[in-house]
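Residue strings, one per chain:
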Amino acid sequence: MTKKLVVIGAGMASGRMLEHLIAGDPQAYDITLFNAEPRGNYNRLMLSPVLSGEKTYEDIVTHDDDWYAENNVTTRFGEKVVAVDRDRKVVIGEKGEVAYDKLVFATGSNPFMIPLPGHDLPGVIAYRDLEDTQSMIDLGARPGARAVVIGGGLLGLEAAAGMAARGVDVTVVHIMGHLMERQLDESAGFLLRRSLMDKGIKVLCSANSKEIVAGDDGRVRALMLDDGTELPCDLLVMAVGIRPSTALAQEAGLAVGKGVHVDDQMVTSDADILALGECVEHDGALFGLVAPLYDQAKVLAHTLLGVEDRFVNKEVSTKLKVTGCDLFSAGDFADAANREDIVFRDPARGVYKRLVLEGNRIVGAVMYGDTGDGAWFYSHIKDATDVSEMRDTLIFGPAYQGGASADPLAAVAALPDDAEICGCNGVCKGTIVDAIQGGAGDLPSLKATTKASNSCGTCTGLVEQLLELTLGDDYAAPAAQPICACCDLTHEDVRRLIKSKELKSQPAVWQELGWKTPNGCHTCRPAVNFYLLADWPLEYQDDPQSRFVNERKHANIQKDGTFSVMPRMWGGITTPDELRAIADAADKYAVPTVKVTGGQRIDLLGVKGEDLPNIWKDLNEAGMVSGHAYSKGLRTVKTCVGSDHCRFGTQDSTGLGIKLEKILWGSWTPHKVKLGVSGCPRNCAEATCKDVGIVCVDSGYQIGVGGAAGMDVKETERLGDAATEQEAIDLTVAFIQLYRENAKYLDRPYKWLAKVGLDWVQERVVDDLDSRAALVERFEISQSVYRKDPWAQHVETERNRYAPLADLTLEAAE
Amino acid sequence: MSWIDIAAIDDIPLRGARVLKTAAGCVAVFRPTEDEAYALSDRCPHKGGPLSDGIVHDRKVTCPLHNWVFSLETGEAQGADEGRVDTYPVRVENGRILIDGTALTRRHAA
Ligand code: SRM
Ligand SMILES: Cc1cc2nc3c(=O)[nH]c(=O)nc-3n(C[C@H](O)[C@H](O)[C@H](O)COP(=O)(O)OP(=O)(O)OC[C@H]3O[C@@H](n4cnc5c(N)ncnc54)[C@H](O)[C@@H]3O)c2cc1C
Ligand code: SF4
Ligand code: FES
């Protein structure tokens, strides 16, 4: 006698299962198929091409009415199963009961909706079925329509790209620091974000949604973020994850954890009930991609037919179905010891590939831009192939087992013709290449014909690379000193490329400039972090993890791991109250050494790391701020007593020193910067050996730059003279900004001056008044972000950085 | 093994570290990627530098005092320097960091 099989859910998994079952034995079961959606099985994956207009719904139907009829499947579409009575062995649908001998749960999953205020407003949808897809398609028909997508994972991005393809103005809001963080690392995330932005999609990362706002018509009007930003929208798509649909199984009394529990044969805790697809949990694992579901479908059909089989969960791979965003990710990037990375970047083609190796096996692969070898790597992951033999050339894929290495010229080759190479003289790549092709075959003749690298010289490396690129083997560029082993470019080249390619994040630099490591090292990270914040003060966010501990913890680390704390004393002036507060703090925190420094202030040495926020708070309360004794930034402005007290003083040197310190403090610079202001040429503030030293004279101010009194000793050179205090301040600020914008990280001003020449600096700071004003203005823009006391900020928001993560001293002793 | 839940992974900044106090001494817990954590003794074998204050890059850390570089996975010093830091088993599950308590006490007893 034919047994009765009832299947709940006509989705991807059950469709495939029915095919296997009917192919195995068409007579074995009398089948009834329920589906809550008013239609039969279709290819859910293909909703994205339907949304973007590349396919129609008809194209993606997998089983049509004829198929069900031919195979004697009774369909009850548009009818939800409301209960299962296991005692009577019947399934209760909205329109009546059906008896079963065997029952299959294939109920899939439900999209998770974040319970933000307003999540149930009309116009807030998920992305799961044809109805959702249709809402998005309809939106595209409205001129000027706007949509917000919450969630920068696979589904959210496919929804965003699909709507954008239909002319909708789309913003993606993602809570993590980069897109698709489960499948991609930061570099691939950066490339993906850039491709999406090229399609006109706005992408906000690290953005927290707070509330969905209703309009007058009661529909969604905007999404509000927790920083108060409002993103107006006519439709809001939430694509933040799925939850297995288990309510029905749970009510029926089956064993349910996060999903419906099944064994290796896909049988639930009831021997007559089986389950598969996204609604199940197998050996602790849940499912969200179809590949393993197809394996389950085969096993489940075999079990129903009495054929022995077992389900084994394998690694899955992901591809994003967005035209123009070619990415692939497979395997596992997390949580295991002894892993190594192989990274390949080709900035010219926008290609990034990364393999994660564990021992002799590949365990994970991410690639962007060129995913042709994805399947090959994926098969090695699944088969756990021993790759030790081909390790050296592995990253180049199966076709390239010859092993060309990454091309150091790729970044320069990728520059567009209008990219500015020489900033001083405004010469772009196209002009230089034309000149080379016109016969300028070496650096001197190029300088003569184009003026490129004729001034400050920091672009020399790039110009030489262009010579090498254009002339090929005919030109051998002198070997330049790269920043570190992570990349082939010099500091100067990296600085120039950050500007001309408008690179505004570290992953952007790593990718576009061909870094050979996943995220740099202790040498290049602080340099790149500085270059980015100096060039894009408003856009780039400083990265504490790319800073040496002193700058991360705003104190100098000592040989025993304690820290020193040095509050600012503006221009070396202090008060009895400040001194009392310093003395109190020294007592309270048992500071072992209190020392007067060479920089006219007081150092509290030997403070415990955990105490830092506490001692800062006490000093803040007495009106003191960080002295930045630890920073590549402004340290001190040393002054003498000047005209207020001294019988020789010509100007108010103390007052000018304090003014300068108040303007300059908090700014980050390539290396530390120290100033001195002396009231007369007797020079008691030692101004003539400072990075900038001002000597007051009767007629005004003499401004010297590039002095040194550390490892080298050198007298300042005269930048220029100023008649007024304001002019002295402007010259100083403009000089420091020029230094910030151009010098190599860890070059003090005197070293940088030796490279670019005093003339070059004078042209920009002294002679050209527009240029001086522009430098001062750019400095002020940067200071709008950085002229803040980091101690007060850390006391307020970063306290826990200084506290231990946890204290197990008691637990472990038990 | 006895796994002790010590903190959420997000309590440590990406490519940062925090200190865990234990009876066996301070342990530095590192987060080199979004969802990985490693635990090493917080004392550099060179001159006792606090590794939790170092710069984290790839799956390595650079000691803040004299720039020795250590693998977070094995604790071995990299390059020409020779030395090794104790490592402790750590797992990340559902966004929480778990450390093997037995390993901590064993080191203590030894
Ligand atoms: C505290 C102080 C010594 C003192 O007790 O007086 C000091 C202490 C340190 N100096 Fe200095 N310097 C101090 C004034 C100086 C001076 C004199 C001055 O500023 O008038 C110089 C010569 C001028 C100069 O800046 O070149 C000076 C030239 C250096 C150098 C060499 C820099 C160079 O370019 O040649 C270094 C090394 C470096 O920065 O790379 C250095 C580095 C250091 C460090 C930060 C070493 C380190 O990296 O850990 C010391 C931190 C000690 C600690 O544990 O806190 N220190 N150092 C002075 C703090 C001044 C302040 O109030 O901010
Ligand atoms: C837009 C989109 C794109 C995707 N792209 C990819 C991709 O590129 N690659 C990939 O591997 N995966 C992709 N997925 C995921 C993939 O579609 C799912 O993993 C797969 O569809 C799950 O199959 P399933 O049979 O378990 O559930 P479903 O296909 O969801 O089917 C379950 C069905 O059961 C019905 N149902 C639920 N409860 C009841 C009830 N009580 N009574 C009656 N019927 C009920 C539901 O209405 C539904 O039709 C994508 C998903 C979406 C939404
Ligand atoms: S001179 Fe400066 S760096 Fe050298 S020991 Fe003294 S404080 Fe330290
Ligand atoms: S103490 Fe770590 S390198 Fe010296």
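Worth saying up front: this structure is predicted, and the values here are computed from it rather than measured.

This part covers the overall build of chain A. Assigned secondary structure in chain A consists of 27 helices and 39 strands. Here chain A holds 814 residues, and the buried ones make up 55% of them. Taking as baseline every contact in chain A between residues at least 6 positions apart, the subset at least 24 positions apart corresponds to 62%. As displayed, chain A has an accessible area near 33,900 Å², and 49% of this comes from carbon and sulfur atoms.

It is worth spelling out the UniProt feature "binding site: [4Fe-4S] cluster" (unreviewed entry) in chain A at this point. Residue and element names in this part refer to chain A. In the UniProt entry, the feature "binding site: [4Fe-4S] cluster" (unreviewed entry) is given for C640, C646, C680 and C684. Judged by maximum C-alpha separation, these annotated positions cover 45 residues in sequence but sit close together in space, the widest gap being only 11.0 Å. Among the secondary structure elements, C646 is positioned in the loop between strand 32 (634–639) and helix 21 (653–664). On the secondary structure map, C680 appears in the loop between strand 33 (673–678) and strand 34 (692–697). Residue C680 is classed as buried on the basis of its relative accessible area, which comes to 8%.

To continue, consider the pairing of strand 16 (residues 235–238) of chain A. All names here are of chain A. Burial along strand 16 is two-sided: L235 and V237 facing one way and L236 and M238 facing the other are all buried. In the sheet, strand 9 (residues 124–125) pairs with strand 16 via 2 bridges, with the strands oriented parallel. Its bridge partner being in strand 16, V124 is matched across the sheet by L236. Two elements, strand 10 (residues 146–150) and strand 16, share 4 bridges in a ladder whose sense is parallel. Paired with A147 across the two strands is L235, which belongs to strand 16.

Attention now goes to the sheet that holds strand 2 (residues 16–22) of chain B. Spatial strand order, 39(A)-2(B)-3(B)-4(B)-8(B): 5 strands in an open sheet with mixed pairing. Unpaired on one side and paired on the other, strand 39 (806–807) of chain A together with strand 8 (87–88) of chain B mark the two borders of the sheet. Bridging between strand 39 of chain A and strand 2 of chain B involves 2 bridges; their strand directions are parallel. The residue of strand 2 of chain B that forms the bridge with A806 of chain A is L20 of chain B.

Another point: the packing of helix 20 (residues 612–621) of chain A against helix 26 (residues 790–797) of chain A. All names here are of chain A. At a minimum axis distance of 9 Å, the contact between helix 20 and helix 26 shows a crossing angle of 125°. Considered as vectors, helix 20 and helix 26 are oriented oblique to each other. Pair helix 20 / helix 26 crosses with left-handed handedness. Residues P613, W616, K617, L619 and N620 of helix 20 form the contact with helix 26, whose participating residues are W791, A792, H794 and V795. When the residues that make up the contact of helix 20 with helix 26 are grouped by side-chain class, the tally is 6 nonpolar, 2 polar and 1 charged.

Turning our attention to the side chain of D747 of chain A. All names here are of chain A. The topology assignment puts D747 in the loop between helix 22 (725–742) and helix 23 (749–756). Judged by its relative accessible area of 4%, D747 falls in the buried class. Within polar-contact distance, the side chain of D747 engages the side chain of K755 at 2.8 Å. With near-sequence residues (within four places) excluded, D747 lies in contact with P670, H671, Y739, W752 and K755.

All names here are of chain A. Taken together, the neighbourhood of ligand 1 is formed by 20 residues, with Q558, T597, G598, K672 and K674 sitting nearest. In the model, an oxygen atom of ligand 1 is placed 2.8 Å from a nitrogen or oxygen of the R601 side chain. At 2.6 Å from an oxygen atom of ligand 1 is found a side-chain nitrogen or oxygen belonging to K672. Residue classes in the shell around ligand 1 are distributed as 4 nonpolar, 9 polar and 7 charged. When residues of the shell around ligand 1 are assigned to domains, at least three fall in each of domain 4 (548–626 + 790–814) and domain 5 (633–788).

Our focus in this paragraph is the packing of helix 23 of chain A against helix 24 (residues 758–767) of chain A. All names here are of chain A. For the pair helix 23 and helix 24, interaxial distance at closest approach is 6 Å and the crossing angle is 100°. Classified by the angle between their axes, helix 23 and helix 24 sit roughly perpendicular to one another. Every residue of helix 24 that contacts helix 23 at W752, L753 and V756 is listed here: L758, W760 and V761. The class makeup of the residues in the contact of helix 23 with helix 24 is 6 nonpolar, no polar and no charged.

It is worth spelling out the domain arrangement of chain A at this point. All names here are of chain A. The domain architecture assigned to chain A consists of domain 1 (3–110 + 244–305), domain 2 (124–240), domain 3 (491–547), domain 4 (548–626 + 790–814) and domain 5 (633–788). The interface is formed by 4 residues belonging to domain 3 together with 5 residues belonging to domain 4. Buried area between domain 3 and domain 4, summed over both chains or domains, comes out near 390 Å², and the portion from carbon and sulfur atoms is 44%. On the domain 3 side of the contact with domain 4, P544, Q545 and R547 bury the most area, a combined 98% of that side's loss. The interface formed by domain 3 and domain 4 contains 1 salt bridge. Among the salt bridges present, the one from R547 reaches E551, with a minimum N-O distance of 2.5 Å. Linking domain 3 with domain 4 are 3 residue pairs in polar contact (both at pLDDT 80 or more), by the criterion used here. A class-by-class count of the residues in the side of domain 3 that touches domain 4 yields 1 nonpolar, 2 polar and 1 charged.

So, about the interface of chain A and chain B. Listed as interface residues are 45 residues of chain A and, on the opposing side, 43 residues of chain B. Both sides together, the interface formed by chain A and chain B hides about 3,500 Å², and carbon and sulfur atoms give 53% of it. Linking chain A with chain B are 4 salt bridges. Between E610 of chain A and K21 of chain B there is a salt bridge; the shortest N-O distance is 3.0 Å. Counting every contact that joins chain A to chain B gives 15 residue pairs in polar contact (both at pLDDT 80 or more).

A few words now on a negative patch on the surface. A cluster of acidic residues, D64, D65, D66 and E70 of chain A, forms a negative patch on the protein surface. Here D65 of chain A lies in helix 4 (residues 65–70).

This part takes up the site of ligand 2. All names here are of chain A. Around ligand 2 sit 29 residues in total, of which A13, R128, E278, V290 and K321 are the nearest. Measuring from an oxygen atom of ligand 2, one finds a backbone N or O atom of A13 at 2.8 Å. Secondary structure elements with two or more residues in the shell around ligand 2: helix 1 (12–24), helix 6 (154–165) and helix 9 (290–304). Its residues assigned to classes, the shell around ligand 2 shows 13 nonpolar, 8 polar and 8 charged.

What follows deals with the packing of aromatic side chains. Each aromatic ring pair is specified by the distance between its two centres and by the angle formed by the two planes. Residue and element names in this part refer to chain A. For the coordinates displayed, the defined rule picks out 14 aromatic pairs over all chains. Look at Y68 and F77: their rings are 5.3 Å apart centre to centre, the planes differ by 70°, and that puts the pair in the edge-to-face class. The exposure class assigned to F77 is partly exposed, which follows from its relative accessible area of 21%. Ring centres 5.6 Å apart and planes at 55° place the aromatic pair Y739 and W752 in the tilted group. Taken together, the residues Y739 in helix 22 and W752 in helix 23 connect sequence positions 13 residues apart. You can call Y739 buried: its relative accessible area is 0%. Take W752: its relative accessible area is 2%, and that puts it in the buried class. Three or more aromatic residues joined by ring pairs form one cluster here, namely F735, Y739, W752 and W760.

Moving on, we get to the sheet that holds strand 13 (residues 209–214) of chain A. Residue and element names in this part refer to chain A. Read from one edge to the other, the open sheet built from 3 strands follows the order 13-14-15, with strand pairing classed as antiparallel. Each end of this open sheet is capped by a strand with a single partner; those strands are strand 13 and strand 15 (230–232). With strand direction ignored, the average angle separating the axes of adjacent strands in the sheet is 25°. In this structure, strand 13 lies alongside strand 14 (residues 220–225), joined through 5 bridges in antiparallel fashion. Paired with I212 across the strands is L223, a residue of strand 14.

Calculation rules
Here the residue index of a chain counts from 1 through its sequence in written order. As they are written, the chains are lettered A onward and the ligands numbered 1 onward, keeping that order. Given that the model is predicted, a residue must reach a pLDDT of at least 70 before its local features are reported, and side-chain atom pairs must reach 80 or more before they are shown or counted; all residues, however, enter totals for whole chains, interfaces and linings. Hydrogens and waters are ignored; side-chain quantities use all the structure's heavy atoms. In this description a helix means any DSSP run of H or I spanning at least four residues, a strand means any run of E spanning at least two, and both kinds are numbered starting from the N terminus. Between buried and exposed lies partly exposed: a residue is buried under 20% and exposed over 50% of the maximum accessible area for its type, with that area taken using a 1.4 Å probe on protein chains only. Pairs of residues are marked as contacts when any of their non-hydrogen atoms sit within 4.5 Å. All accessible-area figures derive from a Shrake-Rupley calculation using a 1.4 Å probe, and residue coverage is judged against the displayed protein chains alone. UniProt positions are given in the numbering used here, feature names are shortened, and annotations may be inferred rather than shown by experiment. One requirement defines pairing of two strands: DSSP has to find at least two bridges between them. Under this scheme, a helix contributes an axis fitted over its contacting stretch, all axes are lines through C-alpha atoms, and angles between N-to-C directions fall in the 0 to 180 degree range. Orientation is classified from the angle alone, with under 35 degrees giving roughly parallel, over 145 giving roughly antiparallel, 65 to 115 giving roughly perpendicular, and any other angle giving oblique. Crossings are sorted by hand: turned counterclockwise from the far helix by less than a right angle, the near helix makes the crossing left-handed, and turned clockwise it makes it right-handed. Here the nonpolar group is Ala, Val, Leu, Ile, Met, Phe, Trp, Tyr, Cys and Pro; Asp, Glu, Lys and Arg are the charged ones; every other residue, Gly included, is treated as polar. Here a polar contact means two N or O atoms within 3.5 Å. Within protein one must be a hydrogen donor candidate and the other an acceptor candidate, and residues neighboring in sequence count only if both atoms are side-chain atoms. One heavy atom suffices: a residue is near a molecule or strand as soon as one of its heavy atoms comes within 4 Å of it. Note that domain bounds follow an automatic or database assignment of domains. Throughout, buried area stands for the accessible area (probe radius 1.4 Å) lost by two parts on being put together, summed over both. Here a salt bridge means any side-chain nitrogen of Lys or Arg lying within 4 Å of a carboxyl oxygen belonging to Asp or Glu. Patch membership needs two things, relative accessible area over 30% and no salt bridge, and members are linked within 9 Å if like-charged or within 5 Å if nonpolar (Val, Leu, Ile, Met, Phe, Trp, Tyr). Only four residue types enter the tally: Lys and Arg on the positive side, Asp and Glu on the negative side, with His and both chain ends excluded. The location of each charge is read from NZ of Lys, CZ of Arg, CG of Asp or CD of Glu. Working definition: rings of Phe, Tyr and Trp (its six-membered ring) pair if their centres are within 6.5 Å, and the pair is stacked with planes under 30 degrees apart, edge-to-face with planes over 60 apart, and tilted otherwise.

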